[in-house]
Amino acid sequence: MAVIELTVPDIGDVSDAAVIELLVKPGDTIKAEQSLITIESDKASMEVPSAVGGVLKELRVRLGDKVSKGSLVGLLETADGAATEVVAPPVAATPAPVADAAPAAADRTHPTAALATLAMPPLSAVSHASPSVRRFARELGVPLQKVPGSGPKGRITHVDVQNFVKGVMARADQPAAVSAGGGAGSADLGGMTLLPWPSVDFTKFGAVERQPLSRIKKISGANLHRNWVRIPHVTNHDEADITELEALRVKLNEEHAKTGTKFTMLAFLLKACAVALRKFPQFNASLDGDDLVLKQYVHIGFAADTPNGLVVPVIRDVDSKSLSQLATETAALAAKARDGKLSPGEMQGGCFSISSLGGFGGTTFTPIINAPEVAILGVCRSAMKPVWNGSAFEPRLMLPLSLSYDHRVIDGASAARFNTYLASLLADFRRALV
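Residues numbered from 1 in each chain as written. Predicted model: local features only at pLDDT ≥ 70, side-chain atom pairs only at ≥ 80, totals over all residues. Heavy atoms only, no water.

Student: Honestly, the nonpolar core in this entry has me stumped. Any pointers?
Tutor: Across soluble globular proteins, nonpolar side chains have a tendency to be buried as a group. F283, I300, F352, L377, L401, F418 and L426 are the most contacted members of the largest nonpolar core, which has 54 residues in total. Only helix 4 (243-255), helix 5 (265-279), strand 15 (300-302), helix 6 (323-338), strand 19 (352-356), strand 20 (375-379), strand 22 (393-406) and helix 7 (412-427) provide two or more residues apiece to this core. Of all the elements, helix 5 adds the most residues to this core, at eleven residues. Beyond its immediate sequence surroundings of up to four residues, F352 is in contact with C273, L277, F283, H299, I300, G301, E373, A375, I376, L377, L403 and F418. One finds V19, I39, M46 and V73 within the second-largest nonpolar core, a separate group that totals 19 residues. (Core = buried A, V, L, I, M, F, W, Y, C linked by side-chain atoms within 4.5 Å. Buried < 20%, exposed > 50% of the residue type's maximum accessible area, 1.4 Å probe, protein only. Helix = DSSP H or I, 4+ residues; strand = E, 2+ residues; numbered from the N terminus. Contact = heavy atoms within 4.5 Å.)

Student: Honestly, the confidence of the model for the protein chain in this entry has me stumped. Any pointers?
Tutor: Any region with low pLDDT has predicted coordinates that should not be read closely. Here the protein chain shows a mean pLDDT of 82. Residues at 70 or above account for 80%. Looking over the protein chain, one finds the lowest element-wise mean pLDDT in strand 9 (residues 85-87), namely 48, and the highest in strand 20, namely 98. Throughout residues 90-126 the model reports pLDDT below 50, and contacts reaching past four residues in sequence, or to other chains, amount to 78 contacts. Confidence drops under a pLDDT of 50 for residues 175-186, and excluding neighbours within four residues, the segment shows 16 contacts in the predicted structure. (pLDDT = per-residue confidence, 0-100.)

Student: So what exactly am I meant to see when it comes to helix 6 here?
Tutor: Because each turn of an α-helix spans 3.6 residues, side chains separated by three or four positions in sequence point in the same direction. When the terminal C-alpha atoms of helix 6 are compared, their 23 Å separation across 16 residues agrees well with the 22 Å that a helix rising 1.5 Å per residue should span. Buried within helix 6 are the following residues: L323, L326, A327, T330, L333, A334 and A337. Buried residues of helix 6, seen end-on, are gathered within an arc of 145° and therefore sit on one face of the element. Where helix 6 is buried, its residues contact helix 5, strand 15, strand 16 (304-306), strand 17 (309-311) and strand 18 (314-315). (Expected span 1.5 Å × (residues − 1). Arc of directions from axis to C-beta.)

Student: Just to check I follow, could you spell out the pattern of salt bridges for this structure?
Tutor: Close approach of charged atoms allows side chains with opposite charge to pair. Applying the stated criterion to the full structure yields twelve salt bridges. When the shortest N-O distance is used, the salt bridge between R396 and D241 registers 2.8 Å. Linking R396 in strand 22 with D241 in strand 12 (residues 233-241), this pair joins segments that are 155 residues apart in sequence. A salt bridge links R396 to E244, with the shortest nitrogen-to-oxygen separation between them at 2.7 Å. In this pair, R396 sits in strand 22 while E244 sits in helix 4, placing the two residues 152 residues apart along the sequence. Its relative accessible area of 13% is what places R396 among the buried residues. (Salt bridge = Lys/Arg side-chain N within 4 Å of Asp/Glu carboxyl O.)

Student: Whenever I open this one, unusual backbone geometry confuses me. Can you help?
Tutor: Peptide bonds are, in most cases, trans, and in most cases residues other than glycine have a negative phi. In the segment running from A371 into P372, the intervening peptide bond is cis, with an omega of 10°. Position of P372 relative to the elements: it lies in the loop between strand 19 and strand 20. Despite not being glycine, E33 shows a phi value in the positive range, around 75°. In this fold, E33 is placed in the loop between strand 3 (29-30) and strand 4 (35-40). Residue D317 is not a glycine yet carries a positive backbone phi of 50°.

Student: Help me understand the pairing of strand 19, please; the structure alone is not making it clear to me.
Tutor: On any regular strand, side chains alternate: one points to one face of the sheet, the next to the other face. Counting buried residues in strand 19 gives four out of five residues, a clear majority hidden from the surface. Pairing of strand 15 with strand 19, which is carried by three bridges, proceeds in the parallel orientation. Within the sheet, the bridge partner assigned to I300 lies in strand 19 and is F352. Note: strand 19 against strand 20, four bridges, orientation parallel. Across the sheet, S355 pairs through a bridge with G378, a residue of strand 20. (Pairing = 2+ DSSP bridges.)

Listed below in structure tokens is the structure:
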């Protein structure tokens, strides 16, 4: 038996990264590549795994500690004493905004996981590669255990990783077996037959310009795609008469002009949604396996548009806060989002989300549910419409509501009741104060 040190690897130009999560505890049996801690810089978060397996004897970091390259993470007892120090490379960085709770490392699906596996010679359990090569492999979703190394003593190089990906892609491009609904050249992904992604030389048709996606868009795009594919979305559309509510909002802004508090429609929506979530608890829940987790707190996220992409700050305990508090807090979080200064904690723990396009336009849309939540409210620009009052048509300011819900948890009748109740709160906001 030997005790080795696990240290933080080279993390680029990042230093003094905060430890935001402890994923293991002393006494745990650690597998190779199992994540130990999560660290957070001002740009992104990343997990630090163990390169070898063993029993964790000590964890030398605590929540809130600052670590840099070479910082001691913990002591690991292994069966052999071949090494005296192991540098554990981090997995690909993931920005905090996109998800309230990241899935466990063992549940992650790599981009190459659905492709045909190439026949590989038996390799050792621990792949020998530098931190930069490990990062490169993780960015591509390549399992290093399947990559034969061509370097000294079987060490894996960047070229080895590239050749592995080329081989997998070449295999994927070969004609697949014809199945129901598919044809030659299609790919079978978990029972779904999909045609290969088209490869087009766009320059043949005219001038082009390539712009790399921002980091937020790349990560949030993967989350949105997962949510859209794995959650059976249904959207219920309705309208709320906000004529009186808009008059109240304008009046409040006039009265609070000197204090600097600006009441937006979002503050009223947050308060009304909190009341509706208390009345319909199945909307304030999450699926966990075969269990439905009903939450006793009401934390609501709102989609914020930033120069780098969409982020979702979370307002906590919305049901216990006043309109003034909600107006102030949403303005502060929106400003931090635009400046890229939101902390991970400010984007986690949401129970329900609101996506507002009122400042941009549109009539209705289908917002994508932010897993592990089970519903999201989308609102578009309000418009004056003639509404029958029983004896005549009168102009009323109507706000479109688009409620997307997880059909595994919520049925159509419940969604219609939720939207109808929410519309009644917005039509007469005094109901939200009862």
